[in-house]
Amino acid sequence: METRLRHKIRILALIAVSVIASLCPYVAMGQSDPLYTQAWALPTLYNPASAGSTDWLRIRGAARMQWVGIKNAPKSFTAAADIPFKLIGRRWGGGVNVTQDAIGLFSNTYVNGQLSGRLKKLFGGELTVGLQVGYFGSSFKGSEVYIPDDDDYHDSNDPSIPNKDVGGGTIDFGVGLEYVHPKFHVGVSLIHPSSPKVKLNTKGSTSSTATSDNHEFETYVNRVLYLTAGSNIPVKNTLIELQPDLILASDMRTLSGVLSLKGWYNKMFFGGFAYRWNDAVSVNIGTEFKNFIFGYAYDIPTSRILKASSGSHEITVGYRMKLDFSGKNRHRHRSIRLM
């Protein structure tokens, strides 16, 4: 019974592929950005306006292993860095993000460079705009497609399913705004606004045809609108600071998000909880020491997936180095974002 369940999970994505293929001459398969439980530690991943938003060079990495125990479950890895700089008498920010994720037989790569600039001071805070330009690549391991002989829905020779490894890439971009006040920050961004499409070609082929038939395989990444917000609340007469954070993501059809609350003790240790919308509850712990930071999150599924998985694990690591901006620390979220 368990083996059959795993077979069904493995071909779940293929079911949708086959249905669409029966209605049109090509197969379109949509992809989405990974949403980290500790999204607060990766602000530039979701909003280019966050690049260079502190007086620190920040280098960060994250790894997420989702639904451990289920074969071919989602896995995501991210490396990010950003830095502030001055040019022609103005302050700017630059950043770079690299993300690789895999789900089932799909693997995706997102690479982008970012530039942000301050628009104006407003109501005691600062409004910043950001732009990112990069690359989105996707591949599908058609050579590993497995369809059981007793499957009632698919033919192992179905031409709508690639039988070879295919892949491709395209240019991608995103825009964002962020307002940062000494007591809170809020941002909005639109990533992949054109919902870029990628023709999936066999390795070494310049043709967009993935099989000998007339089926053309195509994938795309969903445009996503992000809303981020956070605050820093010192607890009077204690060494504790509370930091609520929120990220909402919508592809104009569905909504996902993470609401978290962590408490810092003496700016060295933190612990807290998070809720992933219609997905999981999470426990978060971490520490910061000599500009190095480490965080861990364990997600417990709130859906029936709990019967097949022991949960999800996520690790974030980072390092920051203070930069000299005329001696006075004027970065915009000194205590709101410790990374």
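The structure this text deals with has already been given above.
Bear in mind the structure is a predicted one, so any value in this text is a computation, not a measurement.

(A) Representation of the overall build of the protein in the model. What the protein contains, in helices and strands, is three helices and 19 strands. Looking at the protein as a whole, 46% of its 339 residues qualify as buried. Long-range pairs, those at least 24 residues apart, make up 58% of the contacts in the protein with a sequence separation of at least 6. Entry remark: accessible area of the protein is about 17,200 Å², with carbon and sulfur atoms responsible for 63%.

(B) Summary view of unusual backbone geometry. In this structure, Asn266 takes a positive phi of about 55 degrees despite not being glycine. If you trace the backbone, Asn266 turns up in the loop between β15 (255–265) and β16 (269–276). A positive phi is found at Asn278, a non-glycine position, where the angle reads about 55 degrees. Here Asn278 shows up in the loop between β16 and β17 (280–289). For Asn278, a relative accessible area of 57% translates into the label exposed.

(C) The environment of Leu45, seen in detail. Relative to the helices and strands, Leu45 resides in helix α3 (residues 43–46). By relative accessible area, Leu45 is classed as buried at 15%. Residues Leu45 and Ala79 lie 34 residues apart in sequence; the distance between their C-alpha atoms is 9.2 Å. Excluding its chain neighbours within four sequence positions, the residues that come into contact with Leu45 are Tyr36, Thr78, Asn97 and Thr99.

(D) Inspection of the packing of aromatic side chains at higher detail. Within the structure shown, the criterion is met by seven aromatic pairs. Taking 5.5 Å as the distance between ring centres and 90 degrees as the angle between the ring planes, the aromatic pair formed by Trp40 and Phe270 counts as edge-to-face. Taken together, the residues span a long stretch of sequence, with Trp40 in the loop between β1 (26–31) and α3 and Phe270 in strand β16 at a distance of 230 residues. For the pair Trp40 and Phe270, a shared accessibility class is recorded, and that class is buried.

(E) Region of interest: the nonpolar core. Core analysis: the largest hydrophobic core is formed by 14 residues, its most contacted members being Tyr36, Tyr46, Tyr226 and Ile247. When residues of this core are traced back to their parent elements, those giving at least two are α3, β12 (224–231) and β14 (240–250). Other than its neighbours up to four places away in sequence, Tyr46 contacts Pro34, Leu35, Tyr36, Ala39, Ser189, Ile191, Tyr226 and Ile247.

(F) Just the pattern of salt bridges, in detail. Applying the stated criterion to the full structure yields 13 salt bridges. In this structure, Arg64 engages Asp299 in a salt bridge whose closest nitrogen and oxygen atoms are separated by 2.8 Å. Linking Arg64 in strand β2 (residues 56–65) with Asp299 in strand β18 (residues 292–301), this pair joins segments that are 235 residues apart in sequence. Across the pair, Asp299 and Arg64 agree in class, each one buried. Here the residues in one salt-bridge network are Arg64, Arg276, Asp279, Asp299 and Glu314, joined through shared partners.

Cut-offs and rules
Residues numbered from 1 in each chain as written. Predicted model: local features only at pLDDT ≥ 70, side-chain atom pairs only at ≥ 80, totals over all residues. Heavy atoms only, no water. Helix = DSSP H or I, 4+ residues; strand = E, 2+ residues; numbered from the N terminus. Buried < 20%, exposed > 50% of the residue type's maximum accessible area, 1.4 Å probe, protein only. Contact = heavy atoms within 4.5 Å. Areas by Shrake-Rupley, 256 points an atom, 1.4 Å probe, with all protein chains shown as cover. Phe/Tyr/Trp six-rings, centres within 6.5 Å; stacked < 30°, edge-to-face > 60°. Core = buried A, V, L, I, M, F, W, Y, C linked by side-chain atoms within 4.5 Å. Salt bridge = Lys/Arg side-chain N within 4 Å of Asp/Glu carboxyl O.

Just distances and angles here, no functional claims.
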